[in-house]
Amino acid sequence: MFEVLVYVYENYWQGDACPELHRLSRKLTAAGFDAEEIQAALVWLDGLNVAAQGTQISLPAKAPQASGESPASASAIQPQSAASLRVYSVAEQVHLGAQSLGFVSFLESSGVLPPHMREIVIDRAMAAPGDPVTLDDLKIIVLMVYWSFGEEPDALVLDELCDDTEFRLAH
């Protein structure tokens, strides 16, 4: 499945240039991918599309409040507080593994993975095969999340996501 996702990213790097899923399926078949891999990737991409569209709802600057209505109930979606903490469930910890969770934490603490994108990365990683999800697969997921928002990662982030760290020497 991840080979298909990489192909989609490389060939349709501008998300709006990507054809609808049924046309994309034909193009992937013509490119020589296995039907099972294509189907898994299309289901995954559909979930990514739904998740990305769900977070692109713009919130009003100040939600109108009816008499007696609390600010928390005025809007269903609230931005994350700077003091909030993301606690990973046991299922997330097992499926993602320590290395992938550490990488998500690194991206988030570096300020390059905002909370709404982090949640989509976690959601799509949970929908991905592998127990735990490998770091290389997680990096592809992060790239695809950026792609779904029509954003290109910063050059240093892109380098971190695409660099093969296997032969990197620690100083």
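In this report, the structure presented in the accompanying data block is examined.

Rules of the game
- Residues numbered from 1 in each chain as written.
- Predicted model: local features only at pLDDT ≥ 70, side-chain atom pairs only at ≥ 80, totals over all residues.
- Heavy atoms only, no water.
- Axes fitted to C-alpha atoms, helices over the stretch in contact; angles between N-to-C directions.
- Helix = DSSP H or I, 4+ residues; strand = E, 2+ residues; numbered from the N terminus.
- Parallel < 35°, antiparallel > 145°, perpendicular 65-115°, else oblique.
- Left-handed = near helix turned anticlockwise from the far one by under 90°.
- Contact = heavy atoms within 4.5 Å.
- Nonpolar A, V, L, I, M, F, W, Y, C, P; charged D, E, K, R; others polar.
- Phe/Tyr/Trp six-rings, centres within 6.5 Å; stacked < 30°, edge-to-face > 60°.
- Buried < 20%, exposed > 50% of the residue type's maximum accessible area, 1.4 Å probe, protein only.
- Lys NZ or Arg CZ within 6 Å of the ring centre and 35° of its normal.

## Let's talk about the packing of helix α5 (residues 90–109) against helix α6 (residues 115–126)
Link 1 in the chain: Between α5 and α6, the shortest axis-to-axis distance is 11 Å and the interhelical angle comes to 150 degrees. Judged on the interaxial angle alone, α6 and α5 are roughly antiparallel. Pair α5 / α6 crosses with right-handed handedness. Contacts between α5 and α6 involve Ala91, Glu92, His95, Leu96, Val104 and Glu108 from the first element and Arg118, Val121, Ile122, Ala125 and Met126 from the second.
Link 2 in the chain: Residues that form the contact of α5 with α6 fall into these classes: seven nonpolar, one polar and three charged.

## Focus on the packing of aromatic side chains
Think of a pair of aromatic rings as described by two things: how far the centres are apart, and how the planes are tilted against each other in angle.
Link 1 in the chain: Scanning the model with the defined rule gives two aromatic pairs in all.
Link 2 in the chain: Note on Tyr7 and Phe33: the rings are 5.2 Å apart at their centroids and 70 degrees apart in plane angle, and the pair reads as edge-to-face. Remark: Phe33 occurs in the loop between α2 (21–30) and α3 (35–55) and Tyr7 occurs in helix α1 (residues 2–11); sequence separation between them is 26 residues.
Link 3 in the chain: A centroid spacing of 6.0 Å and a plane angle of 40 degrees characterise the contact between Phe103 and Phe106, whose relative ring orientation is tilted. Here Phe106 and Phe103 lie together in helix α5, a separation of three residues that amounts to about one turn.
Link 4 in the chain: Classification of Phe103 by relative accessible area gives buried; the value is 7%.
Link 5 in the chain: According to the relative accessible area criterion, Phe106 is partly exposed, its value standing at 41%.
Link 6 in the chain: Residue placement shows Lys139 over the ring face of Phe103; its charged tip is 5.4 Å from the ring centre.

Distances and angles like these do not, on their own, reveal function.
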